[in-house]
Amino acid sequence: DFGFTQKTDIDLPGEILGSLNMTYDSDISTMTYGYAVSVTPIQQIAAISAVANGGKLMKPLMVKQIEDPNTGEVQKIEPEVIRQVISPEAAKETGIYLEQVVADQVDGTGRYAYIDGYRVAGKTGTAIKSNGGYADRSKQIVSFIGYAPVNDPKIAVLVIIDEPNEEIGGGKLAAPIFKEIVSKTLNY
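All residue numbers refer to position in the chain's written sequence, counted from 1. This being a predicted model, a pLDDT of at least 70 is required before a residue's local features are given, and a value of 80 or more before pairs of side-chain atoms are given or counted; all residues contribute to the totals for chains, interfaces and linings. Each side-chain value is worked out from all heavy atoms of the structure, with water and hydrogens disregarded.

Draft legend 1. Local environment of unusual backbone geometry. Here the residue pair alanine 148 and proline 149 is connected by a cis peptide bond, since its omega of -20° sits within 30 degrees of zero. Take proline 149: it is sitting in the loop between strand 8 (140–148) and strand 9 (155–162). Here aspartate 9, not a glycine, exhibits a phi torsion of approximately 65°, which is positive. For glutamate 163, which is not glycine, the phi dihedral falls at a positive 50°. Helix numbers and strand numbers start at the N terminus; a helix is a DSSP run of H or I with at least 4 residues, a strand a run of E with at least 2. For glutamate 163, the location among the structural elements is in the loop between strand 9 and helix 4 (170–173). Look at glutamate 163 and you get partly exposed, because its relative accessible area is 35%. Buried, partly exposed and exposed residues are distinguished by accessible area as a fraction of the type maximum, computed with a 1.4 Å probe on protein chains only: under 20%, between the cut-offs, and over 50%, respectively.

See below:
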């Protein structure tokens, strides 16, 4: 249970719930590629981070520590495990598949997120926006989500592009932005 129908309790106001809209029998199969399901960006980051963290779903945090400039007192905010959502073995296997999405420079849909010298795991996303149906296929959201380095994860990033001008998918549009952010971040 990755908690897609629950709030993450991130330390920010205004969090909303994701939803599973299981109306038709076919929804169980179509939800695997984004129909009948709606999750928030923070839920997506929490889920892929659970894969990176050996199957442990962590409470998302925005702040690592709080320092009082007057007293110098430091309050550290410690990471909190919510629950084990998949086994460490399943997390490792999933990570291998996600790494292939990026590492396969011929057929990998996330190959534009490849960063020389780093092992990167990721997943592309292309979803048709629903307005009571899916008749208008030009209204899309494309994305790329991933983490690096695979062997010792330090960063997870989600890039979302709402209604891009081109219909070419998250691998070509969002993955290069992910690469730019993560490659610069990993240098620190």
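Draft legend 2. The arrangement of helix 2 (residues 41–52) in detail. Taking 1.5 Å of rise per residue, the twelve residues of helix 2 would be expected to cover 16 Å, and the 17 Å separating its terminal C-alpha atoms lies within 8% of that figure. The buried fraction of helix 2 amounts to nine of the twelve residues, a majority that puts the element mostly inside the structure. When we look at burial in helix 2, the residues that qualify are Gln43, Ile45, Ala46, Ala47, Ile48, Ser49, Ala50, Val51 and Ala52. Directly beyond the C-terminal end of helix 2, a positive phi value near 70° is found at glycine 54. To estimate the expected span of a helix, count its residues, drop one, and scale the result by 1.5 Å.

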